[in-house]
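Inside the fold
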Amino acid sequence: VFALLAAVTIMLLFYRRYKLTAAFFVFCILFAMLMHALPEVFPRMSQIGTDMDTRVEIWSRALKDILKHPLFGEGALAFTRFHLVINKMSIVHTHSIYLEPILSFGIVGTALIIIYLKRNLSPIWKMRKNRSDRDRFVLALGLLVSVALHGMVDATAFSVQTGILLLLALSMAGIQENPQPSLVNLSAYQLACLRQTGLRQIQPVIYKKSA
């Protein structure tokens, strides 16, 4: 919930909707008061302390295993193979998208992932300058911020559902119109029709067309 509210706030600020941001901030305060007043409606609130203690123990175990194989890691989904049980719960990942790749793929593998992310995030960041792409950029920004914040205490980006959604966000830079002309092959019939309309200077086999 915190990650979602923070992402929405950033999206509103990017649109410069300051009054709406202030109203949303008031809503967040009222929502927090409601969660505190009605703990039975939000049962996880009473478990925050226990959950954090569990995560600290998981992170400590993850850091110890990272130090054992820092360069290349323990292999994909390494935590699943450890069969770690805490409070009768089987722990299948590090509960951190920042520790998970280092544990699984080490410093070398994580560096390759960062290179991949940089190549995808750079064009997404450039989309903010194009008015026609601004909405897509804000949507991608909100989702990525939410994943980054949630990833501090969980590793949902490595699950199937959230992972696919994250990959779709990273591909948003390619979901846009391409105003550059492209070359397409035309049939003899199409060339004849174009010549009859007065386009005498057309090339014999190709014609420039906007995508």
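Look up a bit, the structure's there.
Here goes a summary of the coordinates provided.

Thresholds applied
- Residues numbered from 1 in each chain as written.
- Predicted model: local features only at pLDDT ≥ 70, side-chain atom pairs only at ≥ 80, totals over all residues.
- Heavy atoms only, no water.
- Helix = DSSP H or I, 4+ residues; strand = E, 2+ residues; numbered from the N terminus.
- Buried < 20%, exposed > 50% of the residue type's maximum accessible area, 1.4 Å probe, protein only.
- Contact = heavy atoms within 4.5 Å.
- Areas by Shrake-Rupley, 256 points an atom, 1.4 Å probe, with all protein chains shown as cover.
- Patch = residues over 30% accessible without salt bridge, like charges linked within 9 Å, V, L, I, M, F, W, Y side chains within 5 Å.
- Salt bridge = Lys/Arg side-chain N within 4 Å of Asp/Glu carboxyl O.
- Expected span 1.5 Å × (residues − 1).
- Bend = angle between axes of the 7 residues up to and from the residue.
- Polar contact = N/O pair within 3.5 Å; in protein donor to acceptor, adjacent residues only side chain to side chain.
- Lys, Arg positive; Asp, Glu negative; His and termini not counted.
- Charge placed at Lys NZ, Arg CZ, Asp CG, Glu CD.
- Core = buried A, V, L, I, M, F, W, Y, C linked by side-chain atoms within 4.5 Å.

1. Re the overall build of the protein
Each helix and strand in the protein was counted, giving 8 helices and 4 strands. Along the protein, from the amino end to the carboxyl end, the secondary structure elements read α-α-α-α-β-β-α-α-α-β-α-β. By residue count, 30% of the 211 residues in the protein fall in the buried class. For the protein, long-range pairs separated by at least 24 residues make up 63% of all intrachain contacts whose partners lie at least 6 apart in sequence. Here the protein displays about 14,700 Å² of accessible surface, and carbon together with sulfur accounts for 67% of that area.

2. Considering a nonpolar patch on the surface
A grouping of Phe105, Ile113, Tyr116, Leu117, Leu121, Phe158 and Leu167 is seen on the molecular surface, where their side chains present a nonpolar patch of about 570 Å² in accessible area. The leading source of residues in the nonpolar patch is helix H5 (residues 99-126), at 5 residues. As for its position among the elements, Leu121 is in helix H5.

3. As for H5
Taking 1.5 Å per residue as the helical rise, H5 with its 28 residues ought to reach 40 Å, whereas the 28 Å between its terminal C-alpha atoms falls clearly short. A bend of about 120° at Gly106 is the largest found in H5. All buried positions along H5 are accounted for by Leu99, Glu100, Pro101, Leu103, Ser104, Gly106, Gly109, Thr110, Asn120 and Ile124.

4. Focus on helix H6 (residues 134-150)
Spanning 17 residues, H6 covers 24 Å between terminal C-alpha atoms, matching the ideal 24 Å at 1.5 Å per step. Along H6, the residues that are buried comprise Phe137, Val138, Ala140, Leu141, Gly142, Leu144, Val145, Ser146 and Val147. Along its buried surface, H6 packs onto helix H1 (2-14), H5 and helix H7 (160-170).

5. Observations concerning the side chain of Thr94
Looking at the secondary structure, you find Thr94 in the loop between strand E2 (89-91) and H5. Overall, Thr94 belongs to the buried group, its relative accessible area being 0%. Reaching out from Thr94, the side chain makes a polar contact with the side chain of Glu100 at a distance of 2.8 Å. Aside from chain neighbours lying at most four places away, what touches Thr94 is Ile58, Trp59, Ala62, Phe79, Leu99, Glu100 and Leu103.

6. Concerning the pattern of salt bridges
Per the counting criterion, the structure on display carries 3 salt bridges. Among the ionic pairs, Lys68 bridges to Asp65, the shortest N-O distance being 3.5 Å. Of this pair, Lys68 and Asp65 both sit in helix H3 (residues 48-68), separated by 3 residues, roughly a single helical turn. Lys68 gets classed as exposed once you look at its relative accessible area, which sits at 56%.

7. Some thoughts on a positive patch on the surface
On the surface, Lys118, Arg119, Lys126 and Lys129 cluster together to form a positively charged patch. If you trace the backbone, Arg119 turns up in helix H5.

8. A few points about the nonpolar core
Nonpolar side chains tend toward joint burial in soluble globular proteins. Within the largest apolar cluster, 12 residues are counted, these being Ile58, Trp59, Ala62, Ile66, Ala78, Phe79, Phe82, Leu84, Ile86, Ile91, Leu99 and Leu103. Going through the elements one at a time, H3, helix H4 (78-82), strand E1 (84-86) and H5 are the ones with two or more residues in this core. For this core, the element with the most residues is H3, which contributes 4 residues. Counting residues in hydrophobic clusters, the runner-up holds 9 residues, among them Phe137, Leu141, Val145 and Met172.

9. So, unusual backbone geometry
A positive phi is found at Arg16, a non-glycine position, where the angle reads about 60°. When you line up the elements, Arg16 lands in the loop between H1 and helix H2 (18-37). Judged by relative accessible area, which is 64%, Arg16 ranks as exposed.

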